[in-house]
Amino acid sequence: MTGHDLDEFRGEVRDWCRRQVPADWRRSQTGPADAEFRRFQHDWFQRLRHAGFAVPHWPREYGGGMSIPEQIVLYQELAAHDAPRLVLAFVAVHHAAATLLAAGTDEQRRRHLPAILDGEIWVQGFSEPGAGSDLAALQTSARRDGDGYVVTGQKVWASGAQYADWCLLLARTDPAAPKRRGISYFLLDMRSPGIEVRPIRQATGESHFCEIFLDEVRIPADGLVGAEHAGWQVAQQTLGAERGLTMLELAERLGNAGFRWLVEACGRAGPGGRRPVDDAVVADRLAALEIEIAGLRALCRDLVERHDAGVAGPADASVVKLYYSELLQRMTDFGTEVGGVAAHTMLRKPMSGGWESGAWVLDFVGSWEWTIPGGTSEIQRTIIAERGLGLPREPAGT
């Protein structure tokens, strides 16, 4: 695609955003009831879908097929126009789709990929109370029973489980095998008998995280993804999506709306007419953050391009995930510093927004979540050291 073609595409996306991004969505999505939140998310997803913008990273035969330069332009414009984020569809269009495309059967892809486009919501059932960073220590069991499996156990930190139709589930099918070799990967219908979902109230006031309790839940044999006992290998496809390609949109949002709000906060006059940006230290911090954001955006574009070319390194996605999550913390922390008393009086943020909303204290508290999912920052550093730099593996038990 030539530069002229990209300019034309940018103009089309820009015109679409001006017509389609709801002008008052932040107000309507601050403190909505669950049913209204779900309705809004579904309607926004369908607007993007009909424009061809919902799943640009999917293969063309499934509704995607957008080139990497086009995807970059798309996410830049959505961020620049402060479009709502696909919160409820995030796991479905990224994690579930990546897993199905890499390891699912033809029947699983035919069943679920069109359904995701119609609005099917997914949750990730990986972490457990005793198996977070050490995911391979999970204890949820799945025993073979006739033409299916019976699952019993508990999952935690399952984002959006109260809305989900399906779950990407890891369960232990061979308790005698070494930890990573006895795990299988399943597609679980969340309407199955024996499932209880309990939302967890968070420090931000939201209840996005959930616990999932599984009591003798039956999964048909065709819900198995990949080979039995080979779920750990399949899970790497899911985690790779969480650490890699999903970062492209998040980086553009951080670099557009998020940084713009920070600059605006620094430019507002406080007591005595002074503005934070008039302070040399504040101006220096803004410049440093802008440089870091530019680096993040470049890293994301480079990762997506090399992933598309099949030459991405084994630790490249971990570098991006680690960089984004800790930069998000630094930026929202600074926003809290310069936001003054007003930042501490904001008790809600838009549910359909990004991790940076301009409600700086809530954003900062929420930013700590990002150093945990998809592998903690400590896990990312270990991956980078061992797989990226080739350093000796950390001795077991240390």
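Residues numbered from 1 in each chain as written. Predicted model: local features only at pLDDT ≥ 70, side-chain atom pairs only at ≥ 80, totals over all residues. Heavy atoms only, no water.

Engineer: Explain the state of the cysteines here, please?
Structural biologist: A covalent bond between the sulfur atoms of two cysteines is what we call a disulfide. The tally for this structure, following the rule as stated, stands at zero disulfides. Take Cys 210: it sits in no disulfide, and the sulfur closest to it among the cysteines is that of Cys 167, at 11 Å. A relative accessible area of 0% places Cys 210 in the buried class. (Disulfide = S-S within 2.5 Å. Buried < 20%, exposed > 50% of the residue type's maximum accessible area, 1.4 Å probe, protein only.)

Engineer: How do you make sense of helix 4 (residues 68–80) when you look at a structure like this?
Structural biologist: Each turn of an α-helix holds 3.6 residues, which means side chains three or four residues apart point in the same direction. With 13 residues, helix 4 ought to run about 18 Å at 1.5 Å a step, and its terminal C-alpha atoms sit 18 Å apart, in line with that. When helix 4 is considered as a whole, its buried residues turn out to be Ile 68, Glu 70, Gln 71, Ile 72, Val 73, Leu 74, Tyr 75, Gln 76, Glu 77, Leu 78 and Ala 79. Buried residues belonging to helix 4 abut helix 1 (3–20), helix 3 (34–51), helix 8 (247–267) and helix 9 (280–309). Looking one or two residues beyond helix 4, the residue adopting positive phi is Asp 82, at roughly 50°. (Helix = DSSP H or I, 4+ residues; strand = E, 2+ residues; numbered from the N terminus. Expected span 1.5 Å × (residues − 1). Contact = heavy atoms within 4.5 Å.)

Engineer: Can you walk me through unusual backbone geometry in this structure?
Structural biologist: Glycine aside, residues mostly have negative phi angles, and peptide bonds mostly take the trans form. One non-glycine residue, Asp 82, adopts positive backbone phi at about 50°. Along the chain, the position of Asp 82 falls in the loop between helix 4 and helix 5 (90–103). For Asp 82, a relative accessible area of 16% translates into the label buried. Positive phi values are uncommon outside glycine, yet His 229 reaches one of about 75°.

Engineer: How should the nonpolar core be read in this particular structure?
Structural biologist: Within soluble globular proteins, side chains that are nonpolar generally end up buried alongside one another. Membership of the largest hydrophobic core comes to 84 residues, with the highest contact counts inside it found for Trp 122, Leu 262 and Tyr 324. The element that contributes the greatest number of residues to this core is helix 8, accounting for 11 residues. Setting aside anything within four residues of it in sequence, one finds Leu 262 in contact with Leu 286, Leu 289, Met 331, Phe 334, Gly 335, Val 338 and Trp 360. Within the second largest apolar cluster, 25 residues are counted, among which are Ile 121, Tyr 149, Cys 167 and Ala 171. (Core = buried A, V, L, I, M, F, W, Y, C linked by side-chain atoms within 4.5 Å.)

Engineer: Looking at this model, I keep getting lost on empty space enclosed by the protein. Mind explaining?
Structural biologist: Unfilled space is identified by rolling a water-sized probe across the atoms. In this structure the tally under the stated criterion is two cavities of 30 Å³ or more. Approximately 150 Å³ is the volume attributed to the largest cavity. Around the largest cavity, the lining is made up of 17 residues, and of these Leu 48, Ala 54, Tyr 75, Leu 86 and Glu 249 lie nearest the centre. Tallying contributions element by element places helix 5 first for the lining of the largest cavity, with three residues. Per-class residue counts for the lining of the largest cavity are 12 nonpolar, two polar and three charged. Space inside the second largest cavity adds up to approximately 50 Å³. Lining the second largest cavity, in full, are Arg 26, Ala 79, Asp 82, Arg 253, Ala 257, Trp 261, Gly 354 and Glu 356. Element by element, the count of residues in the lining of the second largest cavity is highest for helix 8, at three residues. Residues belonging to the lining of the second largest cavity are distributed by class as follows: three nonpolar, one polar and four charged. (1 Å grid on protein atoms, 1.4 Å probe; cavity = no way out; pocket = protein on both sides within 12 Å on 5 of 7 lines; lining within 4 Å. Points joined across faces, edges and corners; volume = space filled by probe spheres on them. Nonpolar A, V, L, I, M, F, W, Y, C, P; charged D, E, K, R; others polar.)

That's the geometry; what it means functionally is another story.
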